Every structure is written in structure tokens, then in C-alpha cells.
Amino acid sequence: MKFIFADSLDHVDPGYDFLRDRYSEGRTPYWDDAYPHEIMGYAPYKGMLVSRGIVGGAAVGGKYTEAQSMRFRRVGAREFLRLDKPAFQHLPIFGDCGAFTYHKEDKPPYTPEDTAEFYDDARFTHGCSVDHIIFDFDESLTGFEGGTEEARRRFEITLENAAAFRTATQHMSNRFTPMGVIQGWSPGSMAESARRLVAMGYDYLALGGTVPLKAAQIKSCLTAIRDAIPQSTRLHILGFAKADEIHTFGSFNITSFDTTSPLIRAFKDAKANYFLPTKSGRLEYYTAIRVPQALENPKLQRLAKRGSLNQERLVSMEKTALAALRSYDKGEAQLEETLDSVLAYATPAVMGTTIDELPGAKAVKDLRDRYERTLRDRPWKRCRCPICSALSIEVVIFRASNRNKRRGIHNLGVYDALVDQLPNNSGRNDNIEIPSDQSQTERSAHSPFICSASV
């Protein structure tokens with residue numbers, strides 16, 4: 001089972017100054033930035049996925065600039081993603097259409113023919129057929145029953161596109177592997193979709209529409225699908241949102257899955273921001289410590305306008321919190337005094353009111369408990385990955401994007417190592433340790449891609 005990282009221009013500034021929270025002087029985004037596999041010195045995934053909806057173009061505006069979109073097709077995905085170095089050339093590059101970006105449209109904005117051309121131009125190794133996402137889901141339905149008129153219409157569009165996509169790729173001399181996308185409103189309808197795709201000649205299927213589903217519902221779909229297709233048919237899960245439950249999916253013979261969850265949770269999850277592997281082969285999660293920039297945080301600015309805390313006081317509290325954390329990391333400050341300094345600032349930033357206005361509040365106690373656990377356990381000291389080795393406590397400070405994304409990249413490395421240890425992958429590695437730099441020479445070679453020398 002391979003973990004494929006779904007990229008959305010998730011690169012960072014290798015020269016970012018963590019003490020002053022500033023980008024490197026003269027930085028040009030993308031050109032001067034580093035992808036996760038560059039900043040780590042190894043790929044913290046077994047491949048990458050890029051959605052056509054993210055790249056964008058004439059039909060749908062994406063996240064890429066027009067110049068980036070044109071360059072992506074001109075030089076190809078591998079060079080654009082900087083996977084053209086010898087160490088990364090074996091990694092597959094998957095493509096899909098990003099069905100959620102056009103889910104409100106009557107039909108997909110792409111044709112099977114121009115999608116096949118897109119994959120071929122950009123030299124993807126794998127490309128998904130054009131699907132139309134179905135949000136309806138009823139696990140109680142059996143067979144091919146049920147389904148609203150709209151769900152059935154999207155079902156047929158997806159299969160018609162898959163048939164045309166299969167035809168469109170046949171003259172491309174197997175330059176990329178075509179993948180048929182499964183959509184449905186029930187386990188039975190998804191199984192029927194899978195059966196038809198195999199009949200078309202697909203031997204690699206991609207299960208879509210799983211993001212809103214619970215893990216048990218996804219398993220019901222996989223059970224039905226596996227009963228309908230040969231065991232030799234490869235299966236990919238698109239946008240797998242239950243990434244931390246992947247260890248329970250081993251029996252379904254999943255070839256690959258893509259997710260951004262480990263990276264996104266670094267800055268979008270309320271509690272589980274920093275991943276660490278356990279000896280039992282699972283993950284434990286730590287809460288990152290929020291020390292936002294005083295003059296940019298909306299809740300702090302509202303407090304300043306209300307007169308509860310003036311801006312000069314907020315800036316002073318911010319500096320005190322950061323200094324306390326860095327002193328604690330060096331063994332120059334005690335846990336309790338560090339917590340007091342951090343919470344005095346973090347409480348208004350997180351809750352929108354000062355800690356003095358919340359005496360005995362459960363929310364404050366919960367926040368203190370989570371921060372205390374993070375500081376007491378010092379998880380960054382237990383990780384040997386290049387990011388934690390270079391940044392130390394800075395990696396668990398929830399602050400600007402470059403810091404938060406680095407924590408997310410650390411999470412990618414932890415997660416990829418965890419997936420490697422699943423029973424069906426157990427032959428690949430003997431332990432769950434996160435890869436670290438192989439030697440001091442290699443460490444020196446990668447050091448410019450870790451952090452600013454000022455830290």
C-alpha cells in the first residue's frame with residue numbers, strides 16, 4: 001500500500017528567518033522554495049498526485065498562476081515538482097481531475113480526450129478518468145437500487161467518460177497508466193461501477209467520493225467492490241480523509257491512496273498538530289503551541305480595539321511567550337513558568353478574551369493540559385527527522401505558514417514511515433524510525449533547505 005501525497009504547491013522558503021518571522025531576502029515564491037522531498041532530503045511519501053483543478057487552465061481557474069500552469073505542461077510534472085533528481089525518479093506521479101472543484105457544474109468542464117492529452121503532455125505516470133462527484137450515500141441500499149435522478153445521471157456521466165478516456169489513451173503507447181474512477185451512492189452502486197470499469201479494460205481503479213464518508217462506510221464500499229472485481233485489479237482511494245485509520249484497511253488489498261491530511265492537520269486541527277510514532281506502530285498526537293503574530297491575529301486585534309489589551313502590551317506578551325519557549329527548550333526555564341507566559345498570550349489569541357476574564361474555565365484548563373503535555377514530553381527531541389533536528393522547539397510553535405507547513409512536512413515523514421510498517425508493507429522496512437540524514441556530509445548538503453542560520 002503506497003501513500004501518495006496530494007500536492008497543492010506545498011513548498012516552503014528554505015531561508016525563512018524563524019527569529020524575525022521573515023521570508024529570505026529577495027525570495028521568489030516557488031523558484032526559491034523547496035518541496036517536502038527537497039527540505040527533508042528524502043521523499044516523505046511514495047509518490048505525488050496533482051489535480052487538474054489545482055493546476056487550472058482555460059476551463060477552470062486553479063491555484064497555479066497562468067505562467068505556472070503553462071510551465072507545468074511544457075516541462076512536465078516531474079521537472080515542475082522537482083522529482084527529476086536521481087533519488088526521486090522512481091516515484092510515480094498521479095493525476096486526477098479534482099472533481100470537487102467543479103461539483104456544482106451540470107457536467108465536468110473537461111473532456112476525456114483533453115484530459116488524456118493533459119496527462120500525456122505533463123508526462124504523468126498515472127491518470128484518472130473524468131468523474132462527476134456524487135454526494136448522496138445510503139449504506140442500507142442493496143445492489144443497484146436507489147439513487148436520486150441526479151446521482152444516477154452523474155454515475156452514467158462518470159462511466160461514459162471512463163469509456164471514452166480508455167479509448168483516448170490507447171494510441172498513447174502506454175505512456176501513462178489510465179485509471180477508471182468509481183463513483184456511486186451506495187456500496188452496491190460503487191461495486192457496479194467497478195465491475196463496468198474492469199469490463200472496459202481497466203486494471204487500476206480509483207475510488208472517489210469518500211471524503212464525507214465514515215471509515216465504516218468506506219469499508220462497506222470496499223467490501224462490495226472487492227467482491228465484484230478480480231483480486232488482481234489494483235485499487236486506489238482518492239482523497240482518503242481517514243488517514244489515521246489506514247491500519248484498519250489492510251484486508252482490502254489497497255494498492256495506493258492519496259491524502260493531504262498529515263500536512264493539513266499541522267495547522268487546521270484544533271488539537272492533533274504534531275505526529276509522533278509509538279512503539280506499538282500507531283501515532284500519538286501533540287497540540288502545537290499557538291503564539292500568533294500580535295499585529296495580525298484577528299482575535300487579538302478585536303481585543304485591542306475593545307480596549308481589553310493595547311497593541312504594545314500584546315507585542316510584549318508575544319515576545320515574552322516566545323522567549324519563554326526558547327529558554328525552556330535550552331533548559332533555562334521551568335515548565336510552570338513557561339506555561340504561565342504562554343497561556344497569558346495564547347488564551348486571548350485562541351479564545352478571544354483574556355485569561356483573567358476566564359477564571360476556572362474548563363477551556364483554559366484543557367488548553368493548559370494540552371500545552372503542558374507537549375512541553376513536558378518534548379516530542380521534537382524524540383524525532384530525528386531533518387526538520388526537528390534543525391528547528392527544535394520552533395517546529396511545535398503554531399505561528400506563520402512557513403513554520404506550520406514545516407510541521408506538516410514532518411508529519412508526512414512520520415506518516416509515510418507508519419504506512420511502511422503496516423502488515424501488508426512489512427517486508428519493506430524493519431522498524432518505524434523516521435529516516436534521518438545518512439551522514440554529516442549529507443546533513444551539510446541539505447542544511448540550506450532546513451531553516452535560516454539565525455535559529
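The structure we're discussing is the one just above.
Here's what I pulled together on the structure shown here. (Residues numbered from 1 in each chain as written. Predicted model: local features only at pLDDT ≥ 70, side-chain atom pairs only at ≥ 80, totals over all residues. Heavy atoms only, no water.)

**Focus: the packing of aromatic side chains**
Using the following cut-off: The aromatic pairing rule takes the rings of Phe, Tyr and Trp, using the six-membered ring of Trp, and pairs them if the centres are within 6.5 Å, calling planes under 30 degrees apart stacked, those over 60 edge-to-face and the rest tilted. A run of DSSP states H or I qualifies as a helix once it reaches four residues; a run of E qualifies as a strand once it reaches two. Both are numbered from the N-terminal end. Exposed residues in this analysis have more than 50% of their type's maximum accessible area, buried residues have under 20%, and partly exposed residues fall in between, with area computed by a 1.4 Å probe over protein chains only. For a Lys NZ or an Arg CZ to count as sitting over a ring, it must be within 6 Å of the ring centre and within 35 degrees of the ring normal.
Counting across every chain of the model gives 30 aromatic pairs. Consider the rings of Phe72 and Phe124, whose centres lie 5.8 Å apart with planes at 55 degrees: the pair is tilted. Linking Phe72 in helix H3 (residues 66–75) with Phe124 in the loop between helix H5 (112–121) and strand E4 (126–128), this pair joins segments that are 52 residues apart in sequence. According to the relative accessible area criterion, Phe72 is buried, its value standing at 0%. Its relative accessible area of 2% is what places Phe124 among the buried residues. Put simply, the rings of Tyr30, Trp31, Tyr35, Tyr64, Phe72, Phe80, Phe118, Tyr119, Phe124, Phe165 and Phe176 touch in pairs and so form one group of aromatic residues. When the ring centre of Tyr202 is taken as origin, the NZ or CZ atom of Arg166, which lies over that ring, is 5.5 Å away.

**Topic: the pattern of salt bridges**
Selection rule: Definition used for salt bridges: Asp or Glu carboxyl oxygen within 4 Å of a side-chain nitrogen of Lys or Arg.
Across all of its chains, the model carries 33 salt bridges by this definition. The salt bridge involving Arg154 is made with Glu150; its shortest N-O contact spans 2.7 Å. With Arg154 and Glu150 both in helix H6 (residues 149–169), this residue pair falls four residues apart, about one helical turn. Residue classification places Glu150 among the partly exposed positions, given a relative accessible area of 34%. Here Arg196 makes a salt bridge to Glu192, at a shortest N to O gap of 2.9 Å. Residue Arg196 and its partner Glu192 are both found in helix H7 (residues 187–200); the two are separated by four residues, about one turn of the helix. Residue classification places Arg196 among the partly exposed positions, given a relative accessible area of 24%. A single network of salt bridges, built from pairs that share partners, joins Asp21, Glu318, Arg326, Glu394, Arg399 and Arg403.

**Quick notes on the pairing of strand E3 (residues 93–96)**
Where we set the bar: Following DSSP output, two strands are said to pair if at least two bridges run between them. By the criterion used throughout, a crossover qualifies as right-handed when its path from the first strand across the helix to the second strand runs clockwise, the strands pointing away from the viewer.
By the alternation rule, side chains of E3 split into Ile93 and Gly95 and Phe94 and Asp96, which are all buried. Here four bridges tie strand E2 (residues 48–51) to E3, and the two strands are oriented parallel to one another. Bridge pairing in E3 links Leu49 to Phe94. Where E3 and E4 come together, two bridges link them in parallel fashion. The partner of Gly95 across the bridge, within E4, is Gly127. One crossover worth recording links E3 to the parallel E4 by way of H5, and it is right-handed.

**Things to note about the layout of surface pockets**
Summary: where empty space remains is shown by rolling a probe the size of a single water molecule over the atoms. Stated formally: Cavity means a closed set of points on a 1 Å grid over the protein atoms alone, one where a 1.4 Å probe fits but cannot get out, pocket means an open set with protein on both sides within 12 Å along at least 5 of 7 lines, and lining means a residue has an atom within 4 Å of a point. Grid points are joined across faces, edges and corners, and a volume is the space filled by probe spheres set on the points. Lys, Arg, Asp and Glu make up the charged group, whereas Ala, Val, Leu, Ile, Met, Phe, Trp, Tyr, Cys and Pro make up the nonpolar group; the residues left over, Gly among them, are polar.
Taken as a whole, the largest pocket encloses approximately 870 Å³ of empty space. Along the walls of the largest pocket sit 36 residues, with Ser51, Phe100, Val211, Gly239 and Asp258 positioned nearest its centre. The element that contributes the greatest number of residues to the lining of the largest pocket is helix H9 (residues 261–268), accounting for five residues. A breakdown of the residues in the lining of the largest pocket according to their chemical character gives 17 nonpolar, twelve polar and seven charged.

**What to know about the packing of helix H11 (residues 311–329) against helix H12 (residues 335–351)**
The condition is simple: What counts as an axis is a line fitted to C-alpha atoms, over the stretch in contact for a helix, and the angles between N-to-C directions run from 0 to 180 degrees. For this classification, under 35 degrees means roughly parallel, over 145 means roughly antiparallel, 65 to 115 means roughly perpendicular, and everything else is oblique. Two helices crossing with the near one rotated counterclockwise from the far one by less than a right angle form a left-handed crossing, whereas a clockwise rotation gives a right-handed crossing. A contact between two residues is defined here by any heavy atoms of the two lying within 4.5 Å.
The geometry of H11 relative to H12 is characterised by a closest axis approach of 8 Å and an angle of 150 degrees between their N-to-C directions. Comparing the axis directions of H11 and H12 gives the class roughly antiparallel. Between H11 and H12 lies a crossing whose hand is left-handed. Contact with H11, carried on its side by Leu314, Met317, Glu318, Thr320, Ala321, Ala324, Leu325 and Tyr328, involves Leu335, Thr338, Ser341, Val342, Ala344 and Tyr345 of H12 and no other residues of that element. Residues that form the contact of H11 with H12 fall into these classes: ten nonpolar, three polar and one charged.

**Observations concerning the side chain of Arg326**
Our working rule: We call two N or O atoms a polar contact when they sit within 3.5 Å, provided that within protein one can donate a hydrogen and the other can accept it, with sequence-adjacent residues counted only if both atoms are side-chain atoms.
Tracing the chain through its elements places Arg326 in helix H11. Here the side chain of Arg326 touches Glu394 through a polar contact of 2.7 Å, side chain to side chain. For Arg326, the residues in contact, after removing those within four places along its chain, are Phe18, Leu19, Glu394 and Arg403.

**A word on the sheet that holds E2**
Reading around the barrel, the eight strands line up as E1-E2-E3-E4-E5-E6-E7-E8 and close back on themselves, with parallel pairing between neighbours. Neighbour-to-neighbour, the strand axes of this sheet turn through a mean angle of 25 degrees, independent of strand direction. Looking at chain direction, strand E6 (residues 204–207) and strand E7 (residues 234–237) are connected through four bridges and run parallel. Bridged to Leu205 within E7 is Leu235. The strands that H7 touches are strand E5 (177–182) and E6; relative to E5, the one it contacts most, it runs at about 155 degrees. Across the sheet, helix H8 (residues 215–228) touches E5, E6 and E7, and the angle it forms with E7 is around 160 degrees.

**Quick look at helix H13 (residues 362–377)**
As a reminder of what qualifies: Expected span of a helix, by definition, is 1.5 Å for each gap between consecutive residues, and there is one gap fewer than residues. Throughout, the arc means the angular range of directions from the helix axis out to the C-beta atoms.
End to end, H13 covers 22 Å across 16 residues, agreeing with the expected 22 Å (1.5 Å per residue, within 8%). Of all the positions in H13, only Val364, Leu367, Tyr371, Thr374 and Leu375 are classed as buried. End-on view of H13: buried residues confined to an arc of 95 degrees, all on one side of the axis. Seen from the buried face of H13, the exposed residues on the opposite side, beyond 90 degrees, are Lys362 and Lys365. Along its buried surface, H13 packs onto strand E10 (283–286), strand E11 (289–290), H11 and H12.

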